[in-house]
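Residues per chain, in single letters:
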Amino acid sequence: MTAFLNKFKTSAWLPILKRYFTWLAFTSVLFILTHAFSALNLIQAYRFRFLDIFFTYGFLVFLGFLESAFLALLITALHWGIQKLFHKDPAPVFRLLVIAWFSLSWINLVLALFNKSLFS
């Protein structure tokens with residue numbers, strides 16, 4: 001078991017996976033919490049309790065982390081597959097996709113300040 005963990009820790013794709021997961025998880029949490037912040041007036045109006053809010057948005061953040069992990073694995077596999085097949089570095093394309101998701105999350109945050117939403 002220790003040999004497997006050492007092999008896993010020294011693998012070449014782990015830093016790429018960590019980098020993609022970090023950015024995707026951050027932007028997913030940012031995107032989810034902007035909806036929570038934009039719903040603060042409704043939360044106060046309906047007098048939701050702390051545990052209701054915590055379990056609702058905590059569950060959504062957990063799902064965001066799972067989605068980010070799956071997406072990071074998928075992007076890392078595509079990254080290595082494209083790199084092995086075509087001998088080109090696809091990092092700029094994937095970095096552009098992550099930056100687009102990051103920008104979308106920040107636009108949603110700015111719109112939440114004005115009680116607007118990107119998708120409604």
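Residues numbered from 1 in each chain as written. Predicted model: local features only at pLDDT ≥ 70, side-chain atom pairs only at ≥ 80, totals over all residues. Heavy atoms only, no water.

In terms of regular secondary structure, the chain is built from five helices and zero strands. Over its C-alpha atoms the chain spans a radius of gyration of 18 Å, topping by over 25% the 14 Å that the globule rule assigns to 120 residues. In terms of overall dimensions, the chain has a C-alpha envelope of 55 × 35 × 15 Å along the principal axes. A burial count over the chain gives 28% of its 120 residues as buried. A separation threshold of at least 6 residues defines the contact pool for the chain, and within that pool the share at least 24 residues apart is 70%. For the chain, the accessible surface area stands at approximately 9,000 Å², while carbon and sulfur atoms represent 74% of it. (Helix = DSSP H or I, 4+ residues; strand = E, 2+ residues; numbered from the N terminus. Rg over C-alpha atoms; globule rule 2.2 N^0.38 Å. Buried < 20%, exposed > 50% of the residue type's maximum accessible area, 1.4 Å probe, protein only. Contact = heavy atoms within 4.5 Å. Areas by Shrake-Rupley, 256 points an atom, 1.4 Å probe, with all protein chains shown as cover.)

Looking at the secondary structure, you find Thr 27 in helix H2 (residues 14-38). Of the residues examined, Thr 27 reaches a relative accessible area of 0% and is grouped as buried. In this structure, Thr 27 is in contact with Trp 101, Phe 102 and Ser 105, ignoring residues within four places of it in sequence.

What follows is about a nonpolar patch on the surface. Judged by side-chain polarity, Phe 59, Leu 60, Phe 62, Leu 63 and Leu 66 come together as a nonpolar surface patch covering roughly 460 Å² of accessible area. Looking at the element boundaries, Leu 63 is found in helix H4 (residues 50-86). Judged by its relative accessible area of 37%, Leu 63 is partly exposed. (Patch = residues over 30% accessible without salt bridge, like charges linked within 9 Å, V, L, I, M, F, W, Y side chains within 5 Å. Salt bridge = Lys/Arg side-chain N within 4 Å of Asp/Glu carboxyl O.)

Attention now goes to the confidence of the model for the chain. Per-chain confidence: the chain averages 85 in pLDDT, with 96% of residues scoring 70 or above. Mean pLDDT values over the elements of the chain span from 71, in helix H1 (residues 2-9), up to 90, in H4. (pLDDT = per-residue confidence, 0-100.)

Our focus in this paragraph is the environment of Ala 100. By secondary structure assignment, the location of Ala 100 is in helix H5 (residues 91-113). We classify Ala 100 as partly exposed; its relative accessible area is 44%. For the pair Ala 100 and Phe 21, spaced 79 residues apart in sequence, the C-alpha to C-alpha distance is 15 Å.

Looking now at the layout of surface pockets. By rolling a water-sized probe across the atoms, one finds the places where empty space is left. Estimated volume of the largest pocket: approximately 150 Å³. The wall of the largest pocket is formed by Ile 16, Arg 19, Tyr 20, Trp 23, His 79, Ala 91, Phe 94, Arg 95, Val 98 and Ile 99. Elements that contribute at least two residues to the lining of the largest pocket include exactly H2 and H5. By residue number, the principal contributor to the lining of the largest pocket is H5, which donates five residues. Considered class by class, the residues forming the lining of the largest pocket number seven nonpolar, one polar and two charged. (1 Å grid on protein atoms, 1.4 Å probe; cavity = no way out; pocket = protein on both sides within 12 Å on 5 of 7 lines; lining within 4 Å. Points joined across faces, edges and corners; volume = space filled by probe spheres on them. Nonpolar A, V, L, I, M, F, W, Y, C, P; charged D, E, K, R; others polar.)

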